[in-house]
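A structural walkthrough
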Amino acid sequence: MAAETSSSILTTRVDATSARFEANMRFMADLVSAVRNEEEQIREGGGAKAIENQHSKNRLTARERIQKLVDPGSFFELGIYAAYRMYEEWGGAPAAGVITGVARIESRMVMVIANDATVKAGAFFPMTSKKVIRAQNIAIENRIPVIYLVDSAGIFLPLQEDVFPDTDDFGRVFRNNAVMSAMGIPQIAAIMGMCVAGGGYLPVMCDHVLMTDGSGLFLAGPALVQAAIGQKVSAEELGGATMHSAISGTVDFHEPNEESCLLRIRSIIEKWGYRRQSPWDRKKPVPPALAAEEIYGIYDSSPARPYDIKEVIARLCDASKFDEYKPEYGKTLVCGYARIGGFAVGIVANQKLHAHATDREGRKRIEFGGVIYTESAEKAARFIMDCNQNLVPLVFLHDVNGFMVGREAEWSGIIKAGAKMVNAVSNSVVPKVTVILGGSFGAGHYAMCGKAYDPRFVFAWPTAKYAVMSGDSAAATLVEIKIRQLERGDKKLSEEEKKQLYESVKQTYDEQMDPRYGAARLWIDKVIDPVETRDAITTALEAAALNPDVPEFKVGVLQT
C-alpha cells in the first residue's frame, strides 16, 4: 500500500493466501489457544471442591467478587501465570493464590487485589507476596487507586522464611500501604473472610475499611489466644464485624453480606473527586487501517524467515500512521512517532529484516535483522532522549538477538553506542511499556527496556523467548564447556553422548525461555494474544495517565 501522507506506514497488503502466511496463522493460533486453555484451568483456583467449600460459608469466590464489583468487561487481569508450575510439592498455588488486575469501577480506573481463599485458604506463598507487591508498585508508579478484597489465612507457614523478612516479602505490603496513603493514592479494603495475624494490618492501613458479617479480623485467632494467654473467646467476640464496628471502631462500614459490601465500594468510588491530569497527549482513538488478525500470519518465529516489523506496527497504530525517525540509518532498529488508542507514543522496535548498510569508510555490508548495531543504538538513544524532551511515552517492541559482536563492531564503538542507549532508557522519565514479541536476549533485552529498567508494564506474546541467549547457542556453549571439563579428566564423550547432552541442556534452557516461566516469576505482567496488543498498550497508557508528575529529565555522562 503506497503511503497516502508522509505519516503513513509504508506497507504492502499481505498475501493471506500464501502457504507461509497460512502456516504462521495456524502456528500462532495454536499457541494462543494453548495459553487460553491454561488460563481457564488457572481460573479454577483450588478446584471445584474448594469452590463448593467457599460457597458453603455463604461467601463468593474471589473471581465472583471481582465480577460483581467492577464495570462489566473492564477487568484486565495481571499476573495470572504467577507461581505457574511452582510449589507442586504443596499441591501448587494457581495464580499464586491472589488475583490482581486493573479495572473500571463507576468508570474510574482502579487496581484490584483479591485473595483467592480456594487456594490454601488464601495463604501467602512467597510468590503471593511478590505478586501483591508488583500490583502495588504498578499502582504507585501510575497513581492508581487500590481495592483490596481480603480473605486470607495469612502466611503459608511451611515457607515462612521465604515470605516473611525481605524487602520484596510480606512486610513490604504494609509499608506500601503507608507510602501510598502518604502519596494520596486512595485505598479501600473489604474484609470478606478471614484476616489474621500480620495480615490484619493491611486493611487498617487503608483509607476505608469495610467488613461483612461472618468475617474475622484479629492479630491472633481464638486458638492462639487460648494457647498464649489462656483466654477462651469466640471468633465473633474476638474480632467479628459487630465488635469492630461498634466497640473497637476499626471498621468504617459494617455490611450484612458481600453483595452489600461490593455495592458500598462502588458507591464510595462514585463520589471521588478528580486530580490533575497527566501531560501525555491523547486524541480520539482511530482504529488501524489494517486488520489486527493479520499479525498472526505476518509474524514468523523462524530465524530463517525474517519478517517486517513495520507490518506489525501498522496493525497497532491509529489509522496505521507512523512517522518513522531516520528510516535510512541504523535500519535494524525502527523508531518513530504514532498514536495508539489515541495516545501519542514513540515506538522503538527491532527490525527482523536484513538490511543493506554502508559504513563510514564507504564499505557495503549486510546487517542481520534483530541485531543492534552501532548506528541502530545511536539512533535509538537520540530518539529516546527526544521523546523525553517532548513528553512522549515510549513503547518498546522486542525481537532482539543482542548487540553485534566482532572486530568491525568493536572498532565502530558498539559498547559506547550501547551504553548511550542503556543510559537513555535508564534515565527516561516518560512512561515506558514493553512488549516482547519474540526473542529478548542478553544486553539487547536491557537496551530495549527489560524488566530491570522500570517499564510501567511488561507484556509478552506466546512466542516470546526470554533469556541471556537462545537455546541453541546456550546449549552449544554449555556442552562445549562440559566436554572440556571431562577431557581434562581424560574422559571423552562419544558423538551420541554429546548429542544426548546437547538435547538435555537445550530442553532445560528452552523451558526457562518460555514466557510462562517468566510470567510465573512476575518478570512478565501478562501473556497476551498478539491481536490484543493494541488494547493492552492502550490500557497501560490509560493507567500511566493517572500520574501527572514528571521528574526532570537528565542523562548524566554519555560516552562520545
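The model shown is predicted, which means the values in this text are computed figures rather than measured ones.

Some points on the packing of aromatic side chains
Under the defined criterion, the tally for this structure stands at 16 aromatic pairs. Ring centres 5.9 Å apart and planes at 85 degrees place the aromatic pair phenylalanine 76 and phenylalanine 459 in the edge-to-face group. Of this pair, phenylalanine 76 sits in strand E1 (residues 76-78) while phenylalanine 459 sits in strand E18 (residues 457-460), placing them 383 residues apart in sequence. By the burial criterion, phenylalanine 76 is buried, and phenylalanine 459 matches it. Aromatic ring contacts, followed pair by pair, group Tyr87, Trp90, Phe125 and Phe156 into a single cluster.

Side note on helix H3 (residues 62-69)
Those residues of H3 that fall on the buried side of the exposure criterion are Ala62, Arg65, Ile66 and Leu69. Buried positions in H3, seen along its axis, are confined to an arc of 100 degrees and lie on one side of it. Looking at the buried side of H3, the elements it contacts are helix H2 (48-56), strand E2 (98-105), strand E3 (108-115), strand E4 (146-152), strand E5 (187-196) and helix H10 (258-270).

What about the pairing of E4?
In terms of burial, E4 is a largely internal element, seven of the seven residues being buried. Of the two faces of E4, the one carrying Val146, Tyr148, Val150 and Ser152 and the one carrying Ile147, Leu149 and Asp151 are both buried. Pairing geometry for E3 and E4, over four bridges, is parallel. Note that in E4 the partner of alanine 114 across the bridge is leucine 149. Between E3 and its parallel partner E4, the chain crosses via helix H4 (residues 126-142), and the hand of that crossover is right-handed. Two strands pair when backbone bridges link them, and E4 and E5 are joined in this way by six bridges, in the parallel orientation. Counted as the bridge partner of isoleucine 147 is isoleucine 188 from E5. Crossover E4 to E5 through helix H5 (residues 170-183) is right-handed.

What to know about the side chain of aspartate 318
Within the element layout of this structure, aspartate 318 appears in the loop between helix H12 (309-313) and strand E9 (322-325). In this structure the side chain of aspartate 318 is engaged in a polar contact, spanning 2.9 Å, whose partner is the backbone nitrogen of glycine 342. Here arginine 534 takes part through its side chain, which lies 2.6 Å from a polar atom of the side chain of aspartate 318. Setting aside residues up to four positions removed in sequence, aspartate 318 forms contacts with Lys284, Pro285, Val286, Pro287, Arg339, Ile340, Gly341, Gly342 and Arg534.

A word on the packing of H4 against H5
Between H4 and H5, the shortest axis-to-axis distance is 9 Å and the interhelical angle comes to 15 degrees. One element, H4, and the other, H5, form an angle in the roughly parallel class. Handedness of the crossing formed by H4 with H5: left-handed. In contact with Ser129, Val132, Ile133, Gln136, Asn137, Ala139 and Ile140 of H4, H5 contributes Phe170, Arg172, Val173, Asn176, Asn177, Met180 and Met183.

Description of the side chain of aspartate 359
Its location among the elements puts aspartate 359 in the loop between strand E12 (355-358) and strand E13 (364-367). Within the structure, the side chain of aspartate 359 is placed 2.8 Å from the backbone nitrogen of arginine 363, a separation counted as a polar contact.

Quick notes on the pattern of salt bridges
Under the criterion given, the structure shown has 37 salt bridges. Residues aspartate 525 and arginine 134 are paired through a salt bridge, measuring 2.8 Å at the closest nitrogen-oxygen approach. Placement of the pair is aspartate 525 in the loop between helix H19 (515-520) and strand E20 (526-527) and arginine 134 in helix H4, with a sequence separation of 391 residues. In terms of burial, aspartate 525 and arginine 134 fall into one category: buried. Residues joined by salt bridges that share partners form a network here, namely Glu39, Glu40, Arg43, Arg63 and Glu77.

Quick word on the pairing of E18
Of the two faces of E18, both are covered, the one formed by Phe457 and Phe459 as well as the one formed by Val458 and Ala460. Bridge count between strand E17 (residues 432-441) and E18: four bridges; the pairing is parallel. For isoleucine 436, the partnering residue across the bridge sits in E18 and is alanine 460. Read from E17 through helix H16 (residues 442-447) to E18, the crossover connection turns out right-handed. Sheet topology places E18 next to E20; two bridges connect them, and they run parallel. For alanine 460, the partnering residue across the bridge sits in E20 and is valine 527.

Details of the nonpolar core
Counting 98 residues, the largest nonpolar core has Ile347, Val348 and Phe459 as its most contacted members. In contact with phenylalanine 459, not counting residues within four places along its chain, are Phe76, Leu78, Val433, Thr434, Val435, Ile436, Ile524, Lys526, Ile528, Ala536, Ile537 and Ala540. Of all hydrophobic cores here, the second largest spans 28 residues; its members include Val35, Ala95, Ala464 and Ile524.

Some remarks on unusual backbone geometry
Backbone geometry places asparagine 58, a non-glycine residue, at a positive phi of 60 degrees. Examined against the element boundaries, asparagine 58 turns out to sit in the loop between H2 and H3. Take asparagine 58: its relative accessible area is 72%, and that puts it in the exposed class.

Focus: helix H17 (residues 471-488)
Taking 1.5 Å per residue as the helical rise, H17 with its 18 residues ought to reach 26 Å, and the 26 Å between its terminal C-alpha atoms agrees with that figure. For H17, the complete set of buried residues consists of Gly471, Ala474, Ala475, Val479 and Ile483. In a view along the axis of H17, the buried residues occupy a sector of 160 degrees, so they form one face of it. For H17, the exposed residues set more than 90 degrees away from the buried face come down to Arg484 and Arg488. On its buried face, H17 sits against helix H18 (495-513). Within two residues after H17, aspartate 490 carries a phi angle of roughly 60 degrees, on the positive side.

Conventions adopted
Residues numbered from 1 in each chain as written. Predicted model: local features only at pLDDT ≥ 70, side-chain atom pairs only at ≥ 80, totals over all residues. Heavy atoms only, no water. Phe/Tyr/Trp six-rings, centres within 6.5 Å; stacked < 30°, edge-to-face > 60°. Helix = DSSP H or I, 4+ residues; strand = E, 2+ residues; numbered from the N terminus. Buried < 20%, exposed > 50% of the residue type's maximum accessible area, 1.4 Å probe, protein only. Arc of directions from axis to C-beta. Contact = heavy atoms within 4.5 Å. Pairing = 2+ DSSP bridges. Right-handed = clockwise from strand over helix to strand, strands pointing away. Polar contact = N/O pair within 3.5 Å; in protein donor to acceptor, adjacent residues only side chain to side chain. Axes fitted to C-alpha atoms, helices over the stretch in contact; angles between N-to-C directions. Parallel < 35°, antiparallel > 145°, perpendicular 65-115°, else oblique. Left-handed = near helix turned anticlockwise from the far one by under 90°. Salt bridge = Lys/Arg side-chain N within 4 Å of Asp/Glu carboxyl O. Core = buried A, V, L, I, M, F, W, Y, C linked by side-chain atoms within 4.5 Å. Expected span 1.5 Å × (residues − 1).

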